[in-house]
Amino acid sequence: TQTDTSLASTGYLAEESASQPTPVPQPDLPGYRLATKLNTNYVLDIVGGSLSNGANLQLNTNNNSASQGFILTDIGGGNYRITNCNSGLDLTAEGTGASGSNVYQWEYSGLDTQLWNFIENADGSYLIMNKASGCYLDVNNAWANDGTNVGMFVRNDGYDAQNWFIQAAYLA
């Protein structure tokens, strides 16, 4: 069973206001790792720790680097920004975010391709759905390995490549 939930009750987010548009991590929890259910030793990572717009999202073995940390910012209506702790750039689905689209980081502009909904599963993992397309963050070919691309795909129930665990990240 899956239910739409707010991450507010879990403490997995930063708050955004008009006076403070940039998300700020909680002092004792500077960010979160998003680990694939395929193998929780593999987490979302920005290629090469890049600080640039367009740098690709991939899986990598957890090394507690800032490029593997993310701030989850509730902007209302069940929508969240996912901001990389290293670059300050937001996860963005390419184009319209349709199935097969890539995901990279980009300066926040408020587009729906930069907004995400978290849907909790009974096991505590989450589906992460893009607002623009309704497609989900997906590990390419369900292959948990260093450098595996993470993109968008239509929902596939029971498919662990679309399920993510949110873990506190104490970054190096």
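Residues numbered from 1 in each chain as written. Predicted model: local features only at pLDDT ≥ 70, side-chain atom pairs only at ≥ 80, totals over all residues. Heavy atoms only, no water.

## Some remarks on the nonpolar core
- Core analysis: the biggest nonpolar cluster contains 27 residues, and Leu44, Leu57, Ile82, Leu91, Trp116, Leu137 and Trp164 have the highest contact counts within it.
- When residues in this core are grouped by element, the largest group, 3 residues, is from strand β4 (residues 42-46).
- Discounting residues that sit within four places of it in the chain, Leu137 has contacts with Leu44, Leu57, Val103, Trp116, Ile128, Val150, Gly151, Met152, Ala161, Gln162 and Trp164. (Core = buried A, V, L, I, M, F, W, Y, C linked by side-chain atoms within 4.5 Å. Buried < 20%, exposed > 50% of the residue type's maximum accessible area, 1.4 Å probe, protein only. Helix = DSSP H or I, 4+ residues; strand = E, 2+ residues; numbered from the N terminus. Contact = heavy atoms within 4.5 Å.)

## Notes on unusual backbone geometry
- Phi angles above zero are rare outside glycine, and Asn64 is one such case at about 60°.
- Within the secondary structure layout, Asn64 lies in the loop between β5 (57-61) and β6 (70-76).
- Not every positive phi belongs to a glycine, and Ala142 is a case in point at roughly 50°.
- Mapped onto the elements, Ala142 comes out in the loop between β12 (136-139) and β13 (150-153).
- According to the relative accessible area criterion, Ala142 is partly exposed, its value standing at 31%.

## What to know about the confidence of the model for the protein chain
- Averaged over all residues, the pLDDT of the protein chain is 87; the fraction at 70 or higher stands at 81%.
- With pLDDT under 50 throughout, residues 13-29 is counted as low confidence; its partners more than four residues away or in other chains account for 32 contacts. (pLDDT = per-residue confidence, 0-100.)

## Some words on the environment of Gln162
- Inspection of the secondary structure assignment puts Gln162 in the loop between β13 and β14 (164-168).
- C-alpha separation for the pair Gln162 and Leu38, spaced 124 residues apart in sequence, amounts to 8.9 Å.
- Ignoring any residue separated from it by four or fewer positions in sequence, one finds Gln162 in contact with Tyr126, Leu127, Ile128, Tyr136, Leu137, Asp138, Phe153, Val154, Arg155 and Asn156.
- Polar contacts involving the side chain of Gln162 include one to the main-chain amide nitrogen of Asn156, which spans 3.0 Å. (Polar contact = N/O pair within 3.5 Å; in protein donor to acceptor, adjacent residues only side chain to side chain.)

## Things to note about the pairing of β4
- Within β4, 5 of the 5 residues are buried, which leaves the element mostly enclosed by the surrounding structure.
- With 5 bridges connecting them, β4 and β5 associate as antiparallel partners. Within β5, the residue paired with Tyr42 across the bridge is Thr61. (Pairing = 2+ DSSP bridges.)

## Details of the pattern of salt bridges
- Enumeration according to the criterion identifies 5 salt bridges in this entry.
- Here Lys37 ties to Asp123 by a salt bridge, and the two come within 2.5 Å at their closest N and O atoms. On the criterion of sequence distance, the pair formed by Lys37 in the loop between β3 (32-36) and β4 and Asp123 in the loop between β10 (116-121) and β11 (126-130) is long-range, its members being 86 residues apart.
- Relative accessible area serves as the criterion here: at 29%, Lys37 is assigned to the partly exposed category.
- Salt-bridge contacts for Arg155 lead to Asp157; the nearest nitrogen and oxygen are separated by 2.8 Å.
- On the accessibility criterion, Arg155 (33% relative accessible area) is partly exposed.
- The class for Asp157 is exposed, based on a relative accessible area of 59%.
- Here the salt bridges share partners, and the residues they tie into one network are Lys37, Asp123 and Asp160. (Salt bridge = Lys/Arg side-chain N within 4 Å of Asp/Glu carboxyl O.)

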